[in-house]
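# Close look at the chain arrangement
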Amino acid sequence: MKQIFALVKNRLGLFIAGCITALTAGLCTAKVIDYINSGLKNQEGITTEFLIGIVGFSLAAASIGVLSSYFVSKINIIIVRELTKKLVRKTLMARYEYIEAVSDKVLPIITKDISDISNFVDRIPTFLIAATAVVGTLVRLFIIDAQLTSYFFIVFGLQTLLVIILIPKLKRYTRISVRFRNFHYRNLGNMVAGLKELSLNKEKRNHYLGEVISSDMNQMNSAFLKGRVTNGVSQRVTDLLIFLFVGIFMYLSIDYLDFDFERFKIFLPIILFVTPYFAKISGFFQDLKSVEVSFEQINSISSEIDQFSISSQKKLQKDASHSDIVALENISYQYLESRHDNSLTFGPLTMGIKTGKITFIIGGNGSGKTTFAKILTGLYEPKTGHIVYKGQKVSEENLIDYRNQFSAYFADSFTFGQLGYIDKNHLDKNAAGTIQLLEMQSKVQLDANYNFSTTNLSFGQISRLSLITKILEDKEIYLFDEWAANQDPYFKKIFYYSILPELKRNGKTVIVISHDEKYFDVADEIIELQEGMTLK
Ligand SMILES: Nc1ncnc2c1ncn2[C@@H]1O[C@H](COP(=O)(O)OP(=O)(O)OP(=O)(O)O)[C@@H](O)[C@H]1O
């Protein structure tokens, strides 16, 4: 509950309005029950005034209840928006290598846990209305018949005890279900990524559906079901205890208890009337425990991300001149998940990238070229050593500005169709020419909002579109990780013989990761990697 309050504290006015209206609606409901109670006790009192009272308070309960839902839904929209934005911002500002390793955990948290919290907040007015109606009715009943109401408190106490006993179980099932839900989301993501393979291969598809997806889904559903049954047990036991209490008490009062049965006749309908509210209250407390697991998920990923967050504000000196635009000094790197085994350690590597030149990075598969590119662009944090940009050491403080000096294409780069973040004058002057240079004018246009008309293109065309975007970003350093790998000979030639020299002529520094030996003559500098070490 503390976490819910922390979320609503920025919209306290709205939250208080939601609570007050819910409490008022609950009091109106209690008043309606009171009218019924007094009508049952004294039929003479059922007059026009009685009718006006019931109708008036019923309408008030309903309309004020709706108002309360409106206030709470408004808060809910804010909670979802702020939680989502906060988590997305944190994700985007965290060290890339960390996010790369946990990316499949982030999506279910953003989509599912935040929506679970939102659903829970939506239930707050219903809970408050139920709680006020129950408390109001019990107080009234206590005034009317303290002895009978006290007996009823025993039933209520037993029910509360049961909820307390069941809550740890419920939380455990929720945690298990959430763990498998995260696996399930990862499986679904892989299914979308591997749609082609799964569509083609029947055995693979059946295995993926029958073994991989079903297995995690079954575990998730089984824990979810146990949680729901636990929840259901406690809610139904509420009804059961009340019915047992009523039945046994009625039976005993005839032969064994010295009790005026007429008292019971008035008391009973009221208790039966508020019984469903008890189930709502107990359900709310159990949902509160489930939602705590959602908070655990959000808090755990948030605090993990916080450890890897980059809060750098400092700018680098751009006009400084240096023969090496970027130098790596004694850099070494090891992948997060491979730090405990003996897999590839990149470096230690000391080398420089010449300002305004074309540098080719070559080497066999797995020699560390892409790893090198990610270290060079500041995506991966070196384990030892440091990067120097125009004589200035790159650190946590200026990392964001350093990364921003690059326009980098990776084989798995995503091609965004929106170019609104690029200077509009620059786009107006250069977009059409660049699109033409890569012969994409018959396929895509840039519309008035600087969005590409389509990104539904062939693989090679998408790479060309991505290259157009990179060129238009107009950065100081260009890095192309095997851009030409999926291009036909014609566009390979355009890339190596037109685009790269043109970038160089415009004063850009260009780094190209390539296996295309035929074009190595374009390079001013060639660096060969073998197992993460420079050879020449
Ligand atoms: N995310 C990762 N986690 C752990 N190890 C990784 C990861 N990505 C790459 N590696 C390992 O790092 C080494 C270098 O990989 P890298 O992708 O840098 O090679 P590459 O030279 O670009 O290869 P290719 O020419 O095949 O693209 C490989 O041994 C690879 O298994």
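In the nomenclature of an unreviewed UniProt entry, the chain corresponds to Putative ATP-binding cassette transporter from the organism Marinoscillum furvescens DSM 4134. The heading Subcellular location (unreviewed entry) in the UniProt record of the chain holds the text "Cell membrane".

### Here's the deal with a nonpolar patch on the surface
A cluster of nonpolar side chains, namely Leu240, Leu244, Ile248, Tyr251, Leu252, Tyr256 and Leu257, defines an oily patch on the protein surface of about 690 Å² accessible area. Note that Tyr251 resides in helix α8 (residues 202-255).

### Quick word on the UniProt feature "domain: ABC transmembrane type-1" (unreviewed entry) in the chain
Those residues carrying the UniProt feature "domain: ABC transmembrane type-1" (unreviewed entry) are residues 12-290 in this numbering. For residues 12-290, helix accounts for 94% and strand for 0%, while the C-alpha atoms at its two ends are 24 Å apart.

### Concerning the side chain of Thr21
You can see Thr21 is positioned in helix α2 (residues 12-41). Owing to a relative accessible area of 10%, Thr21 belongs among the buried residues under this scheme. A distance of 2.6 Å separates the side chain of Thr21 from the backbone oxygen of Ala17, its partner in a polar contact. Aside from chain neighbours lying at most four places away, what touches Thr21 is Ile64, Leu67, Ser68 and Phe71.

### Notes on the sheet that holds strand β2 (residues 345-354)
One open sheet accounts for four strands, arranged β2-β1-β4-β5; its pairing is antiparallel. Strands with a single pairing partner mark the edges of an open sheet, and in this sheet they are β2 and β5 (392-393). The strands that helix α10 (residues 369-376) touches are β1 (324-334), β2 and β4 (384-389); relative to β2, the one it contacts most, it runs at about 65°.

### Digging into the layout of surface pockets
The calculated volume of the largest pocket comes to roughly 1,500 Å³. Surrounding the largest pocket, 31 residues form its lining, Leu92, Tyr96, Leu379, Phe416 and Lys470 being those nearest its centre. Elements supplying a minimum of two residues to the lining of the largest pocket: α3 (48-93), α4 (96-122), α11 (399-403), β6 (406-409) and α13 (459-473). Two domains each put at least three residues into the lining of the largest pocket: domain 1 (2-307) and domain 2 (324-534).

### Notes on helix α12 (residues 424-437)
In this model, α12 (14 residues) spans 19 Å end to end at C-alpha, consistent with the 20 Å of a helix rising 1.5 Å per residue. The largest bend in α12 is about 45°, located at Asn430. Listed in full, the buried residues belonging to α12 are His426, Leu427, Ala431, Thr434 and Ile435. Positive phi shows up at Glu439, right after α12, with a value of about 50°.

### A word on the domain arrangement of the chain
According to the domain assignment, the chain consists of domain 1 (2-307) and domain 2 (324-534). Facing the seven residues of domain 1 at the interface are twelve residues of domain 2. For the pair domain 1 and domain 2, the summed buried area comes to about 820 Å², and 50% of that belongs to carbon and sulfur atoms. Interface area lost by domain 1 to domain 2 is led by Arg95, Tyr96 and Glu97, which between them contribute 73%. At the boundary of domain 1 with domain 2, the tally comes to three salt bridges. In this structure, the salt-bridge partner of Arg95 is Glu396, at a minimum N-O distance of 3.7 Å. Across the domain 1-domain 2 interface, the total number found is five residue pairs in polar contact (both at pLDDT 80 or more).

### Describing the UniProt feature "transmembrane region" (unreviewed entry) in the chain
According to UniProt, the positions carrying the feature "transmembrane region" (unreviewed entry) are residues 50-72, 124-143, 149-167 and 237-254. End-to-end, the C-alpha atoms of residues 50-72 are 32 Å apart, and along that stretch the chain is 100% helix and 0% strand. Along residues 124-143 the backbone is 100% helical and 0% strand, and the end-to-end C-alpha distance reaches 28 Å.

### Re the packing of α8 against helix α9 (residues 261-307)
One can describe the packing of α8 onto α9 by two numbers: an axis separation of 9 Å at closest approach and a directional angle of 165°. What the angle tells us is that α8 and α9 run roughly antiparallel. Crossing geometry of α8 relative to α9 is assigned as right-handed. Classifying every residue of the contact of α8 with α9 by side-chain character gives 13 nonpolar, ten polar and four charged.

### What about the site of the ligand?
Taken together, 13 residues lie near the ligand, and Gly366, Gly368, Lys369, Thr370 and Thr371 sit nearest. In this structure, an oxygen atom belonging to the ligand sits 3.3 Å away from a side-chain N or O atom of His515. Alone, the ligand offers 640 Å² of accessible surface; in the complex the protein occludes 63% of this.

### Observations regarding helix α14 (residues 489-505)
For an α-helix, the turn length of 3.6 residues means that residues three or four places apart are oriented alike. Taking 1.5 Å per residue, 17 residues should reach 24 Å; α14 reaches 23 Å between its end C-alpha atoms and fits that length. At Phe495, α14 is bent by approximately 30°, the largest bend along its length. Contacts made by the buried residues of α14 are with β3 (358-362), α12, α13, β7 (477-481) and β8 (509-513). One or two steps after α14, the chain reaches Gly507, where phi turns positive at roughly 85°.

### What about the nonpolar core?
Within the largest apolar cluster, 59 residues are counted, with the highest numbers of intra-cluster contacts made by Ile117, Phe152 and Ile301. When residues of this core are traced back to their parent elements, those giving at least two are α1 (2-8), α2, α3, α4, α5 (124-144), α6 (146-193), α8 and α9. With 16 residues, α9 is the single largest residue contributor to this core. Ignoring sequence-local partners within four residues, the contact set of Phe152 consists of Leu138, Ile242, Phe245, Phe267, Ile271 and Phe278. Ranked by size, the runner-up nonpolar core spans 37 residues in total, among them Ile358, Ala431, Phe452 and Leu472.

### Some words on the environment of Lys85
Mapping Lys85 onto the fold places it in helix α3. A relative accessible area of 47% means that Lys85 is categorised as partly exposed. For the pair Lys85 and Ile110, spaced 25 residues apart in sequence, the C-alpha to C-alpha distance is 9.4 Å.

### Quick word on the pattern of salt bridges
In total, this model carries 23 salt bridges according to the counting rule given. Across the pair Asp34 and Arg140 runs a salt bridge, and its minimum N-O distance is 2.6 Å. A residue pair is termed long-range when its members are at least 10 positions apart, and Asp34 in helix α2 and Arg140 in helix α5 qualify at 106 residues. As a salt-bridge pair, Arg181 and Asp113 come within 2.8 Å of each other at their nearest N and O atoms. Pair noted here: Arg181 is in helix α6 and Asp113 is in helix α4, with a separation of 68 residues, a long-range link. Given a relative accessible area of 0%, Asp113 falls into the buried group. Salt bridges sharing partners connect three or more residues here, namely Lys171, Arg175, Lys289, Glu292 and Glu296.

Each value, and the rule that gives it
Residues numbered from 1 in each chain as written. Predicted model: local features only at pLDDT ≥ 70, side-chain atom pairs only at ≥ 80, totals over all residues. Heavy atoms only, no water. UniProt positions renumbered as here; feature names shortened; annotations may be inferred. Patch = residues over 30% accessible without salt bridge, like charges linked within 9 Å, V, L, I, M, F, W, Y side chains within 5 Å. Areas by Shrake-Rupley, 256 points an atom, 1.4 Å probe, with all protein chains shown as cover. Salt bridge = Lys/Arg side-chain N within 4 Å of Asp/Glu carboxyl O. Helix = DSSP H or I, 4+ residues; strand = E, 2+ residues; numbered from the N terminus. Buried < 20%, exposed > 50% of the residue type's maximum accessible area, 1.4 Å probe, protein only. Polar contact = N/O pair within 3.5 Å; in protein donor to acceptor, adjacent residues only side chain to side chain. Contact = heavy atoms within 4.5 Å. Pairing = 2+ DSSP bridges. Axes fitted to C-alpha atoms, helices over the stretch in contact; angles between N-to-C directions. 1 Å grid on protein atoms, 1.4 Å probe; cavity = no way out; pocket = protein on both sides within 12 Å on 5 of 7 lines; lining within 4 Å. Points joined across faces, edges and corners; volume = space filled by probe spheres on them. Domains from an automatic or database assignment. Expected span 1.5 Å × (residues − 1). Bend = angle between axes of the 7 residues up to and from the residue. Buried area = accessible area lost by both parts, 1.4 Å probe. Parallel < 35°, antiparallel > 145°, perpendicular 65-115°, else oblique. Left-handed = near helix turned anticlockwise from the far one by under 90°. Nonpolar A, V, L, I, M, F, W, Y, C, P; charged D, E, K, R; others polar. Near = heavy atom within 4 Å. Core = buried A, V, L, I, M, F, W, Y, C linked by side-chain atoms within 4.5 Å.

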